[in-house]
Amino acid sequence: MNDDGDRRGPTARTSLTGLVGRGLGGVPPTALVLLGIVSVQLGSALAKQLFGEVGSFGTVALRLFFAAAILLLLWRPSLRLTRRAWTVVAAYGLTLGLMNLCFYLALDRLPLGIAVTVEFLGPLAVALIGSRRWLDALWAVLAAAGVVLLMGGGGDVDLVGLLFALGAGVCWGLYIVVSAALGRHTTEGNGLALGMLVAAVVAVPAGVADSGAALVQPWVLVAGLGLALLSSVVPYSLDLEALRKMPPRVFGILMSLEPAMAALIGLVVLRELLHWSQWIAVLCVVVASVGATRGARPEVRAEDVAPAQHPERPN
């Protein structure tokens, strides 16, 4: 049973998903997931444009501040939680904040496609841990081959950026575990909103200390709002609607395309050219992720999945 004290009914949920459901009801779920992936990667491209003005810390602060503000307004979460639920919310928020910071520090040093590909090793590792299927060992080797290609193939790869991307991947793996706990101890999007608030409380002071008055420039604030919408609110809404219409396993397979989409967005929007060996590395990680997802154990029905388990795209 959930520990969230909020029992006010579906009002908050309707404010976010009801309108989305009516507006997107005729859109195929596959298209919704792909649109969410494009939205996230466009958000990452926008974030990269902000680095020159407010840096990585300032960009994280803007994203999490506006995302927290929007989610708090939409969900209006209750603060009446048990101590254990608050512990989970705090762990979720800290993990989310650290994951975003590591990813943006990596993105400041690496092409978008490479940063997302390396970060994606985190959820892939979670999918493979504990498996006894020999085929999953093949997926692990394929993913490792992708990393070797990234590090030893053509093109320059910043080692520090690579380490930050790996750190973001570790945080993403932890995020998956903590998100499952969040879904058990809170209801609907309440834990997500409160966790985002925790992440913002951690990130905003660091961003202000690092960027100062640059954060309150009107165009920077508008860009920060756009970043929060593209990277958090829009994909969250699209994913939630898609999960009403497709099994979570199919959703996971489609999500495995994210590194490839990141490389394409990086090429088209940021003009980031990858070496042919780096494209092969991206493909290795995508194939490994698809294979691991297809071989995962049967999951619960999509309608039984708590929103907190699939909402916030880490990057």
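A quick note: this is a predicted structure, and the numbers were derived from the prediction, not measured. (Residues numbered from 1 in each chain as written. Predicted model: local features only at pLDDT ≥ 70, side-chain atom pairs only at ≥ 80, totals over all residues. Heavy atoms only, no water.)

**Description of the environment of Ile 280**
Step number 1: One can find Ile 280 in helix H12 (residues 276-294).
Step number 2: A C-alpha to C-alpha distance of 8.9 Å links Ile 280 and Leu 150, two positions 130 residues apart in sequence. (Helix = DSSP H or I, 4+ residues; strand = E, 2+ residues; numbered from the N terminus.)

**So, the pattern of salt bridges**
Step number 1: The tally for this structure, following the rule as stated, stands at four salt bridges.
Step number 2: Its salt-bridge partner being Arg 244, residue Glu 241 comes within 3.6 Å of it at the nearest N-O pair.
Step number 3: One salt bridge connects Glu 241 with Lys 245, and the closest N-O pair in it is separated by 3.7 Å.
Step number 4: For Lys 245, a relative accessible area of 34% corresponds to the partly exposed category.
Step number 5: One salt-bridge network, held together by shared partners, links Glu 241, Arg 244 and Lys 245. (Salt bridge = Lys/Arg side-chain N within 4 Å of Asp/Glu carboxyl O. Buried < 20%, exposed > 50% of the residue type's maximum accessible area, 1.4 Å probe, protein only.)

**Comments concerning the environment of Val 54**
Step number 1: With respect to the secondary-structure elements, Val 54 resides in helix H2 (residues 29-75).
Step number 2: On the basis of relative accessibility, which here comes to 3%, the residue Val 54 falls in the buried class.
Step number 3: Each C-alpha atom, one on Val 54 and one on Ala 214, is 6.2 Å from the other, the two residues being 160 residues apart in sequence.
Step number 4: The contact partners of Val 54, leaving out residues within four places of it in the chain, are Thr 59, Leu 62, Asp 210, Ser 211, Ala 214, Leu 215 and Val 220. (Contact = heavy atoms within 4.5 Å.)

**Focus: the packing of aromatic side chains**
The description of two aromatic rings rests on the distance between their centres and on the angle between their planes.
Step number 1: Under the defined criterion, the tally for this structure stands at five aromatic pairs.
Step number 2: Aromatic side chains Phe 51 and Tyr 104 sit 5.9 Å apart centroid to centroid with 65 degrees between the ring planes, which places their arrangement in the edge-to-face category. A residue pair is termed long-range when its members are at least 10 positions apart, and Phe 51 in helix H2 and Tyr 104 in helix H3 (residues 83-107) qualify at 53 residues.
Step number 3: Owing to a relative accessible area of 8%, Phe 51 belongs among the buried residues under this scheme.
Step number 4: Ring centres of Phe 120 and Trp 172 lie 5.2 Å apart, and the angle between their planes is 90 degrees; on these two criteria the pair is classed as edge-to-face. With Phe 120 in the loop between helix H4 (112-119) and helix H5 (121-128) and Trp 172 in helix H7 (residues 159-185), this residue pair connects regions lying 52 residues apart in the sequence.
Step number 5: Look at Phe 120 and you get buried, because its relative accessible area is 6%.
Step number 6: A relative accessible area of 7% places Trp 172 in the buried class. (Phe/Tyr/Trp six-rings, centres within 6.5 Å; stacked < 30°, edge-to-face > 60°.)

Shape is all these values report; function is a separate question.
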